[in-house]
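A closer look at the structure
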Amino acid sequence: MKNFILFNNKFCNLFIAEEGEKICNVSFLKTKIPADFKKGESSLLKEAVKQLSEYFNKKRRIFNLPLLLHGTDFQIKVWEALKNIPFGETRSYAQLAAAVGNPKACRAVGMANNKNPVAIIIPCHRVIGSDGSLTGYAGGLKIKKILLDLETA
């Protein structure tokens, strides 16, 4: 069963979805909702909203939710590496490429980062340019800055 819930807060609007009792998507609501998902609250979706609310209210630094990640082996490796970036810290694409064992794969890491299906929970917002600049983000650079500022405040 694929269910979703919409979570609106003062920072952004999120689409949160589950499949097989695991969170499979947290994304910024900018597009149509996929037709194969049904709106419906479950205990898991409520827990995801609770944990995200705690994060936005500076009461949570680490998420504890079961995840279902659909991607290539390389993408999943990058997404797992993203989970190792501590709260309030950033890494460059080059550092992330080195962390996954392929220091020359900066662009591939960037593409995998872009395909992250579980925004915020897998903290792709913590990846920045080598010069410290903010680079692309699915929620937009304004949201990326808000998230980084939230974590460093």
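Refer to the structure above for everything that follows.
Presented here is a report on the structure given in the accompanying data block.

Quick look at the layout of surface pockets
There is about 240 Å³ of room inside the second largest pocket. What lines the second largest pocket is a set of 14 residues, among which I62, F63, K83, I121 and P123 lie closest to the centre. Residue composition of the lining of the second largest pocket, grouped by class: ten nonpolar, one polar and three charged.

Some words on the nonpolar core
Counting residues in each nonpolar core, the largest one holds 41 residues, and the members touching the most others are L14, I16, I23, L52, F56, L82 and I120. Elements supplying a minimum of two residues to this core: β1 (2–8), β2 (13–19), β3 (22–28), α1 (43–56), α2 (73–82), α3 (93–99), α4 (106–114) and α5 (141–152). Considering each element in turn, this core owes the most residues, seven residues, to α1. Contacts of I120, omitting those with residues within four sequence positions, involve L14, F28, L52, Y55, F56, F63, H125, Y137 and L147. In this structure, F4, A17, C24 and F37 belong to the second largest nonpolar core, which totals five residues.

Let's talk about the environment of L29
Structurally, the position occupied by L29 is in the loop between β3 and β4 (38–39). Using a relative accessible area of 32% as the deciding quantity, one classes L29 as partly exposed. For L29, the contacting residues outside a window of four places in its chain are L6, N13, L14 and F15.

Notes on the sheet that holds β1
Ordered in space as β3-β2-β1-β4, the four strands form an open sheet in which the pairing is mixed. Each end of this open sheet is capped by a strand with a single partner; those strands are β3 and β4. As defined by bridge partners, β1 adjoins β2 across seven bridges and the pair is classed as antiparallel. Paired with N3 across the two strands is E18, which belongs to β2.

Here we look at the pairing of β3
Taking burial as the measure, the seven residues of β3 include five buried ones, the bulk of the element. Sheet topology places β2 next to β3; six bridges connect them, and they run antiparallel. By the bridge assignment for β3, A17 is matched with N25. Between the antiparallel neighbours β2 and β3 lie two residues, among them G20 with a positive phi of about 60 degrees.

Considering the pattern of salt bridges
Under the criterion given, the structure shown has seven salt bridges. When the shortest N-O distance is used, the salt bridge between K83 and E80 registers 3.2 Å. K83 gets classed as partly exposed once you look at its relative accessible area, which sits at 36%. E80 gets classed as partly exposed once you look at its relative accessible area, which sits at 36%. A salt bridge links R91 to E89; the shortest N-O distance between them is 3.1 Å. For E89, a relative accessible area of 34% gives the class partly exposed. Connected via shared salt-bridge partners are K50, E54 and R60.

The rules behind each value
Residues numbered from 1 in each chain as written. Predicted model: local features only at pLDDT ≥ 70, side-chain atom pairs only at ≥ 80, totals over all residues. Heavy atoms only, no water. 1 Å grid on protein atoms, 1.4 Å probe; cavity = no way out; pocket = protein on both sides within 12 Å on 5 of 7 lines; lining within 4 Å. Points joined across faces, edges and corners; volume = space filled by probe spheres on them. Nonpolar A, V, L, I, M, F, W, Y, C, P; charged D, E, K, R; others polar. Core = buried A, V, L, I, M, F, W, Y, C linked by side-chain atoms within 4.5 Å. Buried < 20%, exposed > 50% of the residue type's maximum accessible area, 1.4 Å probe, protein only. Helix = DSSP H or I, 4+ residues; strand = E, 2+ residues; numbered from the N terminus. Contact = heavy atoms within 4.5 Å. Pairing = 2+ DSSP bridges. Salt bridge = Lys/Arg side-chain N within 4 Å of Asp/Glu carboxyl O.

Geometry only, nothing functional implied.
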